[in-house]
Amino acid sequence: MNSQKKYGTIILIQAAPGAGKTALLAGERGWKIADTSPGSILDTAVLLQELGWNGEKETSEDAVLQEILLRMSRIPHPPHLAVEILQEEAEPLLLVLDEAQRLLEDIPRDPRGRLSAAKTLLKGFHNGELPRRVILMAGGLGVTTQAFERLGVSRFKDNCYIELGELSEDAERLIIHDWLLKDGSAKGDPACWIDTIAQDTHGWAQHVTAYAQVAAYQLSAIDGQMTMEGLDAVIEAGREKRIRFYKDRARGIPEEQFHCIARVLIHVDPGTSVARRDIMASLKLDYDHNTAARLFLRAVYKGILDERDNRYVVPIPSMHNWLVDKFSRIQEPIFPPHSSMPMGFDSRDRGVEC
């Protein structure tokens, strides 16, 4: 047995879309950093190519590596080769894996093939079974833990599992403040602008950045003067970017499927979870059971729905409102209402009042 000290772990940052996962996937000084894809975890050859071993170099050592890659192309499932090659260098390695929830869709069914290879590779990372410092830092939506469980990683070490949510009110205001003053060179008291923008961003990192960036550009264009007209323009442009973000998340899911989800959300407060059986019952009004189950999972994989204590919720409150406003039909809800809140209303959606 190799007595050399071993290092390694897997860090998972899990959250709903736009919570700031990607911004946190950053390396440390002195580490070799490689961006990887879900496909690299499931395919050894893809991983090696993403690490830069693509057979294009001409040194004798790389010629040996090129031969190994050539042999790999002829072997269906060589899980050990990636581990062997990863340990060749002494330089610490940080692998950054974004959109890690895609692993759950891509995991092969055959346990004797690529699934076994992926488990071997992740086990090497997680348990430090390499004489080299290797960390896999993954970011993904709420189903990412299920993907890692399928791949043999059911527990994460202390402080290696981070679940992001909404920003605190203080953090939200500080971020907007810095954008206005540092990037927009705002003149005067920015409190009114901060208050108004915060009413629309709902503490969601993606929205905060989108609105604050627009505000900084707006202020730069008008010499830092915080006018009412300028603030109105910021709110309008910010809302357009927010809706574009929701449309991007919804891309690939037909409108009729969203009708099935939206009619469950009618009269349900934003942030209120519903049972899976309720969503499935609505889907099965229009689709057979197997199709409904597939559509339900698709909404989860896209981050439209997020699991909370074995129930499901639209993770971003303002996205909940958008779904109801855009996709619910004029009809009686198929489930009893859980609140008297009017459809699509959010108490923070108010006009500019400064």
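Residues numbered from 1 in each chain as written. Predicted model: local features only at pLDDT ≥ 70, side-chain atom pairs only at ≥ 80, totals over all residues. Heavy atoms only, no water.

## Considerations on the nonpolar core
Then step 1. The biggest cluster of nonpolar side chains holds 64 residues, and the ones touching the most others in it are Leu 122, Leu 136, Phe 148, Ile 279, Leu 305 and Leu 323.
Then step 2. With 7 residues, the top contributor of residues to this core is helix H15 (residues 289-301).
Then step 3. Once residues within four sequence positions are removed from consideration, Ile 279 is found in contact with Ile 261, Val 264, Val 274, Phe 296, Leu 305 and Tyr 312. (Core = buried A, V, L, I, M, F, W, Y, C linked by side-chain atoms within 4.5 Å. Buried < 20%, exposed > 50% of the residue type's maximum accessible area, 1.4 Å probe, protein only. Helix = DSSP H or I, 4+ residues; strand = E, 2+ residues; numbered from the N terminus. Contact = heavy atoms within 4.5 Å.)

## Quick notes on the pattern of salt bridges
Then step 1. Here the structure, examined in full by the defined rule, presents 8 salt bridges.
Then step 2. A salt bridge links Asp 200 to Arg 239, with the shortest nitrogen-to-oxygen separation between them at 2.6 Å. Here Asp 200 is found in helix H10 (residues 191-201), whereas its partner Arg 239 is found in helix H12 (residues 228-250), with 39 residues between them in sequence.
Then step 3. Using a relative accessible area of 32% as the deciding quantity, one classes Arg 239 as partly exposed. (Salt bridge = Lys/Arg side-chain N within 4 Å of Asp/Glu carboxyl O.)

## Observations concerning the packing of helix H11 (residues 205-221) against H12
Then step 1. Where H11 meets H12, the axes come as close as 9 Å, and the angle between the chain directions of the two elements is 145 degrees. In this structure, H11 crosses over H12, and the sense of that crossing is right-handed. From H11, Gln 206, His 207, Ala 210, Tyr 211, Gln 213, Val 214, Ala 215 and Gln 218 reach across to H12, where they touch Gly 230, Ala 233, Val 234, Ile 235, Ala 237, Gly 238, Arg 239, Lys 241, Arg 242, Phe 245 and Tyr 246.
Then step 2. Residue composition of the contact of H11 with H12, grouped by class: 10 nonpolar, 6 polar and 3 charged. (Axes fitted to C-alpha atoms, helices over the stretch in contact; angles between N-to-C directions. Left-handed = near helix turned anticlockwise from the far one by under 90°. Nonpolar A, V, L, I, M, F, W, Y, C, P; charged D, E, K, R; others polar.)

## Digging into the pairing of strand E1 (residues 9-14)
Then step 1. Within E1, 6 of the 6 residues are buried, which leaves it mostly tucked inside the rest of the structure.
Then step 2. Of the two faces of E1, the one lined by Thr 9, Ile 11 and Ile 13 and the one lined by Ile 10, Leu 12 and Gln 14 are each fully buried.
Then step 3. Sheet topology places E1 next to strand E4 (residues 134-140); 6 bridges connect them, and they run parallel. Bridged to Ile 10 within E4 is Leu 136.
Then step 4. For E1 and strand E5 (residues 161-163), the ladder comprises 3 bridges, and the chain directions are parallel. Residue pairing for E5: Leu 12 is matched across the bridge by Tyr 161. (Pairing = 2+ DSSP bridges.)

## As for H10
Then step 1. By the criterion of burial, H10 is predominantly enclosed, with 8 of the 11 residues buried.
Then step 2. The complete set of buried residues in H10 reads Trp 193, Ile 194, Thr 196, Ile 197, Ala 198, Gln 199, Asp 200 and Thr 201.
Then step 3. The elements touched by buried residues of H10 are helix H9 (169-183), H11 and H12.
Then step 4. His 202 sits one or two residues past H10 and shows a positive phi near 60 degrees.

## Section: the confidence of the model for the protein
Then step 1. Of all residues in the protein, 69% have pLDDT values of 70 or greater, and the mean over the chain is 75.
Then step 2. For the protein, helix H4 (residues 60-74) is the element with the lowest average pLDDT, namely 46, and helix H14 (residues 276-283) is the one with the highest, namely 93.
Then step 3. For the stretch residues 55-62, pLDDT sits under 50, and the model shows 4 contacts to residues farther than four places along the chain or on other chains.
Then step 4. Within the model, the stretch residues 64-80 combines pLDDT values under 50 with 19 contacts to residues more than four positions away or in other chains. (pLDDT = per-residue confidence, 0-100.)

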